[in-house]
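Residues per chain are reported as follows:
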Amino acid sequence: MQTEFLPIVKYYYSGRKRVLPMYADRMSNLPPYLFARIDEMKAAQQKKGVDIIDLGVGDPDLPTPEHIVRSLCSAAKDPENHHYPSYAGMPAYRSAVADWYGKRFGVTLDAGSEVLALMGSKDGIAHIAEAFVNPGDYVLAPSPGYPVYRTGTLFAEGKVHDMPLTRENGFVPVLEDIPKKVARAAKLLYINYPNNPTAAVAPDGFYREVVDFAREHDIIVVSDNAYSEITFDGYRAPSFLEIAGAMEVGIEMHSLSKTYNMTGWRIGMAVGNKDILSGLGRVKTNVDSGVFNAVQHAAITALSGPQTCVKDACTIYEERRDVLIAGLRDLGFDMPTPKATFYVWLPVDDCMSFVAKLLNEAGIVATPGVGFGASGEGYVRFAITRPVARIKEAIERMRRLDL
Ligand SMILES: *Cc1c(COP(=O)(O)O)cnc(C)c1O
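Okay, so let's go over this structure. (Residues numbered from 1 in each chain as written. Predicted model: local features only at pLDDT ≥ 70, side-chain atom pairs only at ≥ 80, totals over all residues. Heavy atoms only, no water.)

## Here's the deal with the nonpolar core
Part 1: Judged by nonpolar contacts, the single largest core of 106 residues is most densely connected at Tyr93, Tyr101, Phe240, Leu256, Tyr260, Leu328 and Phe382.
Part 2: Mapping this core onto the domain boundaries places at least three of its residues in each of domain 1 (31-60 + 309-399) and domain 2 (83-304).
Part 3: Once you skip the residues sitting within four places of it in the chain, Leu256 turns out to touch Tyr93, Asn261, Met262, Ile267, Gly268, Met269, Ala299, Ala302 and Leu303.
Part 4: Counting 22 residues, the second largest nonpolar core, distinct from the first, contains Val133, Tyr190, Met253 and Leu277. (Core = buried A, V, L, I, M, F, W, Y, C linked by side-chain atoms within 4.5 Å. Buried < 20%, exposed > 50% of the residue type's maximum accessible area, 1.4 Å probe, protein only. Domains from an automatic or database assignment. Contact = heavy atoms within 4.5 Å.)

## Observations regarding the site of the ligand
Part 1: Near the ligand you find 13 residues, and of these Asp224, Tyr227, Ser255, Ser257 and Lys258 are the closest.
Part 2: A distance of 2.6 Å is found between an oxygen atom of the ligand and a side-chain nitrogen or oxygen belonging to Ser255.
Part 3: Between the ligand and Ser257, the relevant distance is 2.6 Å, taken from an oxygen atom to a side-chain nitrogen or oxygen of the residue.
Part 4: Relative to its unbound accessible surface of 380 Å², the ligand loses 94% to contact with the protein.
Part 5: Counting residues per element, the shell around the ligand draws most heavily on helix α5 (residues 121-132), which supplies three residues.
Part 6: For the shell around the ligand, the class distribution of residues is three nonpolar, six polar and four charged. (Near = heavy atom within 4 Å. Polar contact = N/O pair within 3.5 Å; in protein donor to acceptor, adjacent residues only side chain to side chain. Areas by Shrake-Rupley, 256 points an atom, 1.4 Å probe, with all protein chains shown as cover. Helix = DSSP H or I, 4+ residues; strand = E, 2+ residues; numbered from the N terminus. Nonpolar A, V, L, I, M, F, W, Y, C, P; charged D, E, K, R; others polar.)

## Considerations on the pattern of salt bridges
Think of it this way: side chains of opposite charge can pair up when their charged atoms draw near.
Part 1: In this structure the tally under the stated criterion is 21 salt bridges.
Part 2: Across the pair Arg26 and Glu157 runs a salt bridge whose closest N-O atoms are separated by 3.0 Å. On the criterion of sequence distance, the pair formed by Arg26 in helix α1 (residues 25-29) and Glu157 in the loop between α6 (148-155) and β6 (159-164) is long-range, its members being 131 residues apart.
Part 3: The salt bridge partner of Asp288 is Lys284, with a shortest N-O separation of 2.6 Å.
Part 4: The buried category is assigned to Asp288, whose relative accessible area is 11%.
Part 5: Of the residues examined, Lys284 reaches a relative accessible area of 4% and is grouped as buried. (Salt bridge = Lys/Arg side-chain N within 4 Å of Asp/Glu carboxyl O.)

## Details of the packing of helix α2 (residues 35-47) against helix α13 (residues 351-362)
Part 1: Where α2 contacts α13, the two axes come as close as 10 Å, and the packing angle between them is 20 degrees. When the interaxial angle is binned, α2 and α13 end up roughly parallel. Note on packing geometry: the crossing formed by α2 with α13 is right-handed. Residues Arg37, Ile38, Met41, Lys42 and Gln45 of α2 lie in contact with α13, whose contacting residues are Met352, Val355, Ala356, Leu359 and Asn360.
Part 2: Here the residues of the contact of α2 with α13 sort into six nonpolar, two polar and two charged. (Axes fitted to C-alpha atoms, helices over the stretch in contact; angles between N-to-C directions. Parallel < 35°, antiparallel > 145°, perpendicular 65-115°, else oblique. Left-handed = near helix turned anticlockwise from the far one by under 90°.)

## A word on the layout of surface pockets
Part 1: Empty space within the second largest pocket amounts to approximately 340 Å³.
Part 2: What lines the second largest pocket is a set of 20 residues, and nearest its centre among them are Arg104, Glu229, Thr231, Val310 and Lys311.
Part 3: Elements that contribute at least two residues to the lining of the second largest pocket include exactly α4 (91-105) and α12 (308-330).
Part 4: For the lining of the second largest pocket, the element with the highest residue contribution is α12, accounting for five residues.
Part 5: Its residues placed into classes, the lining of the second largest pocket shows seven nonpolar, six polar and seven charged.
Part 6: Formed jointly, the lining of the second largest pocket draws a minimum of three residues from each of two domains, domain 1 (31-60 + 309-399) and domain 2 (83-304). (1 Å grid on protein atoms, 1.4 Å probe; cavity = no way out; pocket = protein on both sides within 12 Å on 5 of 7 lines; lining within 4 Å. Points joined across faces, edges and corners; volume = space filled by probe spheres on them.)

Any link to function would need more than the numbers given here.
So this is what it looks like as structure tokens:
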């Protein structure tokens, strides 16, 4: 698998044969980009004229709400916004984030020291290890999990310790299963609820356990809360920072991407412990130059304006979820009904062959669970980022297959 990643470019240099690019060793540590194979299979089907139903992408199909787009347009016309932004984010944006955290979670944040603007939460997730992880240090990351927990660690030359998320443990890491030696040598712990890809939510008491564990072992907690607003059936997702003591041990990465259908805009926030944030900020100061001010203005509009657009999006996802879950159950599959996120995590025998069959015989794209880590084997992820009619069509196509 690793070979698909190797360069095929050959370069001849002043008569001596050189093979370029000469990648650094850490590049070979990166996991193979398995999704490239799915893209290839998808392209082959498209070339044949197959009508593809893409349930693979974790990217809302719904547009960014109109009032947010209007806010960007007017801010973009103001020359004041054409300069380099400040590294940490505009004071007004950081205040809007602090206000939103207060209103939404009851978490009090100091906008000046406990909020940092990000170019999407991926920015923070990818760079935090650079600030706190020495070569050889452990980082505890869920498997399956958002792939950047792993790659951010590998770029910092840290070691990833997988915390398996299984159906038996409710897709929640069992902290007492982490070997003492690993816990002692760990610097960071990633948690992510509501969870991508399993769609699980944090059970009561879990965040409390995480705070105690982090205190005991001096570990920094990074809570990835990208899906807190995409919830159903009256479920309300908490922030990790609601827990007493969380502010001393951790930060939370959040984002406007999933909440307001703004994945392309690249804006998010890291909030929480100010010393941890200042480490992340120091790395970022040397890597990027902040978020376009006009985008920050639009984000202020999103966070402080009416939230009906968020509710409307959840209603749409909820209907899609119900159609997909009912359809899959009717086909004989068995899985819990997600309370949050726009994913369905389906148990199957062999994820790669299941995905290949769906794609090659029914024109349906789903994501193989193993792409999110070894413990994702035996599952595929469906994203309900397509209209109900397409989801119904996918179920009908699956009915014709021998699954
Ligand atoms: C989408 C996603 C993110 C990152 O989104 P940004 O667009 O970078 O804010 C982070 N974590 C998880 C689990 C995600 O699914």
